[in-house]
Amino acid sequence: MTTRNDAEDQPRIIALWAMPRSRSTAFFRMMSERGDFHVLHEPFSNLAEFGSVEIEGTKIGSEEELIAAIRTLAQSKPIFFKDTTDERYPAVLADEEFLGRDATHTFMIRHPEETIASYHALNPEVRLHQIGGETQHELYRAVAETSARTPVVIDSADLMQDSPGLIAAYCAAVGIPFLPEALSWKPGERGEWQRTSRWHVEASNSAGFHAERRAHAVDPGTDPVLSGYLRHHLPFYETLREARVSPA
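Residues numbered from 1 in each chain as written. Predicted model: local features only at pLDDT ≥ 70, side-chain atom pairs only at ≥ 80, totals over all residues. Heavy atoms only, no water.

Got a minute to help me understand the environment of E113 in this structure?
Relative to the elements of secondary structure, E113 occurs in helix 7 (residues 112-122). Given a relative accessible area of 32%, E113 falls into the partly exposed group. A C-alpha to C-alpha distance of 8.1 Å links E113 and L234, two positions 121 residues apart in sequence. Contacts of E113, omitting those with residues within four sequence positions, involve D219, P220, G221 and L230. (Helix = DSSP H or I, 4+ residues; strand = E, 2+ residues; numbered from the N terminus. Buried < 20%, exposed > 50% of the residue type's maximum accessible area, 1.4 Å probe, protein only. Contact = heavy atoms within 4.5 Å.)

How should the side chain of S52 be read in this particular structure?
By secondary structure assignment, the location of S52 is in the loop between helix 3 (43-50) and strand 3 (53-55). We classify S52 as buried; its relative accessible area is 12%. When neighbours within four sequence positions are excluded, S52 is seen to be in contact with N46, L47, K59, I60 and R195.

I'm lost on the packing of helix 7 against helix 12 (residues 226-242) in this one. Help?
To characterise two packed helices, one gives the angle between the axes of the helices and the distance between these axes. Relative to each other, helix 7 and helix 12 sit at 135°, their axes nearing to 9 Å. If you check the angle between helix 7 and helix 12, you find them oblique. The element helix 7 and its partner helix 12 pack so that their crossing is right-handed. Taken together, the residues of helix 12 that come into contact with helix 7 (itself represented by P112, E113, I116 and H120) are L226, Y229, L230, H233, L234 and Y237. (Axes fitted to C-alpha atoms, helices over the stretch in contact; angles between N-to-C directions. Parallel < 35°, antiparallel > 145°, perpendicular 65-115°, else oblique. Left-handed = near helix turned anticlockwise from the far one by under 90°.)

For this particular structure, what's the right way to read the packing of aromatic side chains?
Where two aromatic rings form a pair, the distance of their centres and the angle of their planes describe that pair. Across all of its chains, the model carries 10 aromatic pairs by this definition. Ring centres of W17 and F81 lie 5.4 Å apart, and the angle between their planes is 85°; this geometry places the pair in the edge-to-face category. With W17 in strand 1 (residues 13-18) and F81 in strand 5 (residues 79-84), this residue pair connects regions lying 64 residues apart in the sequence. Relative accessible area serves as the criterion here: at 0%, W17 is assigned to the buried category. Seen in terms of ring centroids, F81 and F98 are 6.5 Å apart; in terms of plane orientation they differ by 10°. Their pairing is stacked. You can see F81 sitting in strand 5 and its partner F98 sitting in helix 6 (residues 96-102), a full 17 residues away along the chain. Summarising the burial analysis for this pair, F81 and F98 share the class buried. Through pairs of rings, three or more aromatic residues link up here, namely W17, F44, F81, Y89 and F98. (Phe/Tyr/Trp six-rings, centres within 6.5 Å; stacked < 30°, edge-to-face > 60°.)

Printed below as a string of structure tokens:
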């Protein structure tokens, strides 16, 4: 496990901005298993969807309040939070210090064809922006233009093919120790997931990173509506994929 000096040298805030249905909840589960971070699960998207989110017993009602709460909480222990880009977060985009100095921002991508099929299976009324590629790319550009650090990008496909190698590369890129023992955990739902539990069934049932082939009812490549979603988001995915970190 980490030593005291290791913990003190870690970034105080690490953010993972993920396309929906990209296996980011399993990544969150791995980060929580480490034990050296206070973890927050989708605080911004929960705020957007439900109108409020609770941080350490305090009810938060705006993005500005949430950013302030994350900064405050990080003073006592490093924070890892993961969120999804099916919504746009204007206050995050407007806060140059949060983008460029206060947090280390990382990004998790997945081929939009897979995201669309998986999202549609849970919500057949999915809208174009909810696929998340465009919003994720906008946030990546904002971080890249503001921060002295190169934003770290990982691809869900690489995570499934070589979990230890990709996570080791991610840890090296963000400046935290690689803890291979955190790559497995006991199955079970976490309290943070209860508001949106139907979206996290696979993560709740998991004990590590394992790809499962699932047949979906629609083919985004041929569906008259979803194929438009695919054409729209694919260029954003391909741009970020060029910047991705490869497994160690």
